[in-house]
Amino acid sequence: MPTPAEIWAEAGLPARRLAGLALNPAVPQDVLLRLLAEAPLAVRMVLCRDRELPVAVVDAVIAHPDRRTRGFFAVNPHADPAQRARLVDDPDWIVRCRLTEGPRTPLPHRPRPLPDETIVRMITTYDGEEPLGSIGFWQQTSRELIRSLPTHPVAEVRRWGVGHWASLSAERRAVLLADPDPEVRERAREMRRWEDPAWVEGRLPAYPCHGRTDILLNRALGSAVVDTVLTAPAKEDERATIARNPTLPADAVALLAADPDPEVRERIAGRADLGPAERRALVADPEPAVRRAVARHPRLDPYELRTLATDPDPEVRLAVSVHPGFTEQERARIDYRAPMDRAFRFHPAPGVPRDPADVRRDALSGHPLLRREAAREHTLPADLVARLADDDDLGVRVLLAQNHPDAPPALLLRAFLEYTGPERERLPTLPNFPRTGLASLAGHADPKVRALAARDPDTGPAVAERLTRDPDPEVRAALARHANLPAPRLAELLADPELAHAAAANPALAPETVDRLVQTCGRGPW
C-alpha cells in the first residue's frame, strides 16, 4: 500500500489542482462532495486529512466505500474527535488502526482526546490486530479516563488500569488484588511480583536485551542482581543503568557514588535518596557533570550550597543558582549566566498544578531561569502575564508566548520575530497571533517573516504578486493563496507545477474557474 508521500508524489498537475480546490475555504459543499466521490486518491487524501469538513461531507466520508479514504479522515487533526470516533466500528481493521493511531503530533503535544466512550469501546471490542498499546492511542485518551481506569465498572477496562500500578495507592492496589475479575487479579499479582527482588532475579536475562535493561532500570533489585552487575555485567554501561533504579539498595548507592566512571557518579548525584555523605563527596567530584547533577539535588546543606555556588565550572554554578535553599540576595551573588541556546517551546500543563505562591515567587525572582519556569504556567494570572510579557529575557517572553492561552498578540509577534529556535513556526498558529499590520514585513530579510504577509488581509495586490516570485518556496506558496492576488497572476499560477496546488486553494478563485476545473478533472482551461 503506498504511503501518503508516495501518493502525493505520483499525483499529476491536474490532481494537484483538484487537491487545492479541496482545501479552498470558498469552495461550496457540493464541490467537496463531488471531489470526494470522483477525484483521484491524492485529492481525497488532502480533502479528508488536511481540513475541517462540513457535516454533510463528514457523513459522506464515513460511508465512503474506499477504506483508504476513511483512514485518512481517521487521522485528521482538524476534525472534531467526536466525528472521527464514528469510525470506531468501521468494518475494516486498517481504518480502526488508523483511528487508534490518531493524528500524528510530536511529543509533548497531544491531539484532542477521543470521547471516553470511544476509548472504552476500543478496549472492549478490538482484538490483538489493533495497536491499542501505541503512543497515539494513549495520546488520544483523556487524563480523566486514564485516572479512572483502575476503578472502571467494566472489568476489561480495569485490566488496562492495572498497568498504571506504580502510580496507584496501596489501597487501590489492594482492591485490584481482590478484584472479582480473575484476569484483573492476575494482572495485579503480576505487577506485585515485580516488586519482589527474588522474583525479579529469576526473570533477569543473562544476555543484553531490552528486557534486561528494563529490569535493571525499573524493577526491584536485590543484592544478588546488583552484585552480578558490579562483577559480571552483560554490557559495559550497566552500572550507569542501575544507578537510576529507584530501588537500588543504600549500600550500592554509596558504592556507586565513588565509581570510577563519571557517568555513573553523575546519575547517582541526581538521585532523590542521596545521603549526606554521598552528596558531600560528589560536591567535590572532579567531573563538572557530576557536580552539576548534585547541584540540582533538592536536599543540600549550607556547606554544600556554598561550595557549589563558587564552583569553577559555570554550568555547575548555573545549576545550583536556582536551588530553593538560596534567598534572592544569595542567588544574586552567584556568578552564573543564563543560557540563550535553549529551546523555548510548549510545555503541557502538569497533572498536579504548582502552588500559585511558588509560581508568583518565581515570576518575581531576579533569576531568569526561575522566571522562565513561571512563564510556562498555563494559568499564570493576568498581572504576571503583563509583567513577564515585557521581561528583558528572551526565554521568558517566548515561553510565555508558547504556553499561555492569553498571551498578548504583540508578544506573539515579537516572539516570532526574535526567536528562531524549535517550535517557532507554532506561534503564528495560535489564536491571538495578529493578522493585521503584517504586510509591513513583506521586505524582511527572514523568509519566514516575509511569509507572514500572507496572513494579513490588507496585503496589497502588488505586494502579494511580488511575493509569489520570492526566492523562498514557502513564501511563494503562502502568497499564492492570498485573496488579494491579481486574477491574471492567479491564472498564471494555476499552470505552474510548483504553485498550482496553492493557487487552487485561493479563496479568490472565480466560481466559473472552480466549475471548469471540476468538470475537466483539473485540466482547465481557466
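Our subject is the structure listed above.
The paragraphs below set out a description of the structure included in this document. Being a predicted model, the structure only gives us computed values, none of them experimental.

Some details on the overall build of the protein
Here's step 1: Counting its secondary structure elements, the protein contains 36 helices and 0 strands.
Here's step 2: Counting only C-alpha atoms and orienting by the principal axes, one finds that the protein spans roughly 80 × 60 × 40 Å.
Here's step 3: Burial analysis of the protein (526 residues in total) assigns 47% to the buried set.
Here's step 4: When contacts within the protein are restricted to residue pairs at least 6 apart in sequence, those whose partners lie at least 24 apart make up 51%.
Here's step 5: Both charge centroids of the protein, one from 72 positive and one from 78 negative side chains, sit 1 Å from each other.

Side note on helix H6 (residues 67-74)
Here's step 1: For H6, the tally of buried residues reaches 6 of 8 residues, placing the bulk of the element in the interior.
Here's step 2: Of all the residues in H6, the buried ones are Thr69, Arg70, Gly71, Phe72, Phe73 and Ala74.
Here's step 3: Buried residues in H6 make contact with helix H1 (4-10), helix H3 (29-38), helix H4 (41-49), helix H5 (55-62), helix H7 (81-84) and helix H8 (93-101).

A few points about the packing of H3 against H4
Here's step 1: Between H3 and H4, the least distance of the axes is 8 Å, while the angle of their chain directions is 130°. As the angle between them shows, H3 and H4 are arranged oblique. Here the hand of the crossing between H3 and H4 comes out left-handed. Here Leu32, Leu35 and Leu36 of H3 lie close against H4, whose contacting residues are Val43, Arg44, Leu47 and Cys48.
Here's step 2: Class assignment of the residues belonging to the contact of H3 with H4 gives a composition of 6 nonpolar, no polar and 1 charged.

Describing the packing of aromatic side chains
Here's step 1: All chains considered together, the criterion is met by 6 aromatic pairs.
Here's step 2: On the numbers, 6.2 Å between centres and 85° between planes, the contact of Phe416 with Phe433 is edge-to-face. Here the residue Phe416 occupies a position in helix H30 (residues 409-418), and Phe433 occupies one in the loop between H30 and helix H31 (447-450), the gap between them amounting to 17 residues.
Here's step 3: Using a relative accessible area of 4% as the deciding quantity, one classes Phe433 as buried.
Here's step 4: An aromatic cluster is present here, built from Phe137, Trp138 and Trp160 joined pairwise through their rings.

Let's talk about the pattern of salt bridges
A side chain of one charge can pair with a side chain of the opposite charge when the charged atoms of the two come close.
Here's step 1: Counted according to the given criterion, the structure contains 47 salt bridges.
Here's step 2: In this structure, the salt-bridge partner of Arg280 is Asp301, at a minimum N-O distance of 2.8 Å. Here Arg280, found in helix H21 (residues 276-283), pairs with Asp301, found in the loop between helix H22 (288-295) and helix H23 (302-309); they are 21 residues apart in sequence, far enough to count as distant.
Here's step 3: For Asp301, a relative accessible area of 22% gives the class partly exposed.
Here's step 4: Between Glu465 and Arg469 there is a salt bridge whose closest N-O contact spans 3.2 Å.
Here's step 5: Residue class for Glu465 comes out partly exposed when judged on its relative accessible area of 25%.
Here's step 6: Linked by salt bridges that have partners in common, Arg279, Arg280, Asp301 and Glu304 make up one network.

Parameters and conventions
- By convention here, each chain's residues receive numbers from 1 onward along its written sequence.
- Per-residue local features of the predicted model are confined to residues with pLDDT of at least 70, and side-chain atom pairs are confined, for both listing and counting, to 80 or more; whole-chain, interface and lining totals are unaffected and use all residues.
- Side-chain numbers here rest on the full set of heavy atoms in the structure, without hydrogens or water.
- For helices the rule is a DSSP run of H or I covering at least 4 residues; for strands it is a run of E covering at least 2, with both sets numbered from the N terminus onward.
- With a 1.4 Å probe rolled over the protein chains alone, any residue whose accessible area is under 20% of its type maximum counts as buried; one over 50% counts as exposed, and the rest are partly exposed.
- We call two residues in contact whenever any of their non-hydrogen atoms come within 4.5 Å of each other.
- Note on charges: Lys and Arg go in the positive column, Asp and Glu in the negative column, and His and the chain ends are not counted at all.
- To locate a charge, the coordinates of NZ of Lys, CZ of Arg, CG of Asp or CD of Glu are taken.
- Only the stretch in contact is used when fitting a helix axis, every axis being a line fitted to C-alpha atoms; angles between N-to-C directions are given from 0 to 180 degrees.
- The labels follow the angle: roughly parallel below 35 degrees, roughly antiparallel above 145, roughly perpendicular from 65 to 115, and oblique for the rest.
- Less than a right angle of anticlockwise turn of the near helix away from the far helix marks a crossing as left-handed, whereas a clockwise turn marks it as right-handed.
- Under the scheme applied here, ten amino acids are nonpolar (Ala, Val, Leu, Ile, Met, Phe, Trp, Tyr, Cys and Pro), four are charged (Asp, Glu, Lys and Arg), and all others, including Gly, are polar.
- Only the six-membered ring of Trp is used, alongside the rings of Phe and Tyr, when aromatic pairs are assigned; centres must lie within 6.5 Å, and planes under 30 degrees apart are stacked while those over 60 apart are edge-to-face, with the rest tilted.
- We define a salt bridge as a side-chain nitrogen of Lys or Arg found within 4 Å of a carboxyl oxygen belonging to Asp or Glu.

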